[in-house]
Amino acid sequence: EIAKMQTKAVIRAAINVQKAHPDWNVAPEIMIPLSCDAKELKYVKDIVVATADAEIAAAGSDMKYEVGTMIEIPRAALTAGDIAKEAEFFCFGTNDLTQYTLAADRQNPDIGKFCDTHHVAILRLINMIVQNAHKNGTWVGICGELGADLELTEAFLAIGVDELSVTPSAILPIRKKVIETNVSEIKESVLDKYLN
């Protein structure tokens with residue numbers, strides 16, 4: 001019921017915006033949170049797609065949309081290759097992924113005493129997922145606190161992350177870092193630093 005309700009709300013809002021601004025290209029990205037595996041994602045995705053298609057048809061629209069998922073638990077990370085067959089995009093929920101992978105509260109001020117500041121394990125998971133996702137034509141984004149970490153921007157670009165979702169205050173510094181980064185020049189050294 002929640003998936004249907006939220007899908008209707010997203011699609012109806014998108015159709016209304018498209019009607020108000022016919023020169024815009026409105027294409028919603030509907031993200032299903034906390035997927036565990038491909039079977040679970042497919043179950044919810046089928047509901048979302050049926051609901052969205054019915055709303056679009058009822059409105060006489062030809063609107064396009066994508067359905068993806070949030071990768072935020074280790075189980076999903078480890079089965080991302082299969083999940084990518086059902087998802088048109090992934091977005092890493094780095095806050096929860098960090099917490100679940102490290103089995104520690106990510107806001108604990110003492111966490112740095114026990115774990116590498118940049119959580120090499122998380123970067124390795126992200127790298128593995130990006131590779132599996134791209135093989136299936138699935139694009140990958142990052143959200144959560146790690147997405148706004150300027151020290152990790154080069155690592156995300158070297159790994160092949162397609163999108164960074166950050167708080168408004170982080171947009172300009174991250175944008176500057178992305179523009180200044182020549183991925184071909186830094187890729188090998190960055191991957192060696194974090195992944196080997």
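Residues numbered from 1 in each chain as written. Predicted model: local features only at pLDDT ≥ 70, side-chain atom pairs only at ≥ 80, totals over all residues. Heavy atoms only, no water.

> An account of the pairing of strand S2 (residues 66-71) is requested, with residue identities and associated values reported.
As a general feature of sheets, a regular strand has side chains that alternate between the two faces. For S2, a buried count of five out of six residues is recorded, marking the element as mostly surrounded by other parts of the structure. Two strands pair when backbone bridges link them, and strand S1 (residues 29-32) and S2 are joined in this way by four bridges, in the parallel orientation. When the sheet's bridge partners are listed, Glu29 is paired in S2 with Glu66. Following the backbone out of S1, through helix H2 (residues 38-58) and into the adjacent parallel S2, one traces a crossover that is right-handed. Where S2 meets strand S3 (residues 89-93), three bridges bridge the pair, whose relative direction is parallel. Bridge pairing in S3 places Thr69 opposite Phe90. (Buried < 20%, exposed > 50% of the residue type's maximum accessible area, 1.4 Å probe, protein only. Helix = DSSP H or I, 4+ residues; strand = E, 2+ residues; numbered from the N terminus. Pairing = 2+ DSSP bridges. Right-handed = clockwise from strand over helix to strand, strands pointing away.)

> Describe the packing of aromatic side chains, naming the residues involved and giving the relevant values.
Overall, the coordinates contain one aromatic pair when judged by the stated rule. Between the aromatic rings of Phe89 and Trp139, the centroid separation amounts to 4.8 Å while the plane-to-plane angle is 15 degrees, which identifies the pairing as stacked. Residue Phe89 is located in strand S3, and its partner Trp139 is located in strand S4 (residues 139-143); the two are separated by 50 residues in the primary sequence. Accessibility expressed as a relative area gives 3% for Phe89, which makes it buried. (Phe/Tyr/Trp six-rings, centres within 6.5 Å; stacked < 30°, edge-to-face > 60°.)

> Any chance you could break down the side chain of Asn127 for me, citing the residues and the numbers?
Examined against the element boundaries, Asn127 turns out to sit in helix H7 (residues 120-135). Excluding residues within four positions of it along the chain, Asn127 makes contact with Ile159 and Leu195. (Contact = heavy atoms within 4.5 Å.)

> Let's hear about the state of the cysteines: which residues, and what values?
Across all of its chains, the model carries zero disulfides by this definition. Cysteine Cys36 is unpaired, with the sulfur of Cys143 as its nearest cysteine sulfur at 17 Å. Classification of Cys36 by relative accessible area gives buried; the value is 19%. Of all cysteine sulfurs, the one in Cys143 lies closest to Cys91, which takes part in no disulfide; the gap is 3.6 Å. With relative accessibility at 7%, the residue Cys91 sits in the buried group. (Disulfide = S-S within 2.5 Å.)

> Any details on the sheet that holds S1? Residues and values, ideally.
Spatially, S1-S2-S3-S4-S5 is the arrangement adopted by the five strands of the open sheet, whose pairing is parallel. The two strands at the open ends of the sheet, each matched to only one other strand, are S1 and strand S5 (163-164). As paired elements, S4 and S5 share two bridges and run parallel to each other. Along S5, the bridge assignment pairs Ile142 with Leu164.

Purely spatial values, then, with no claim about function.
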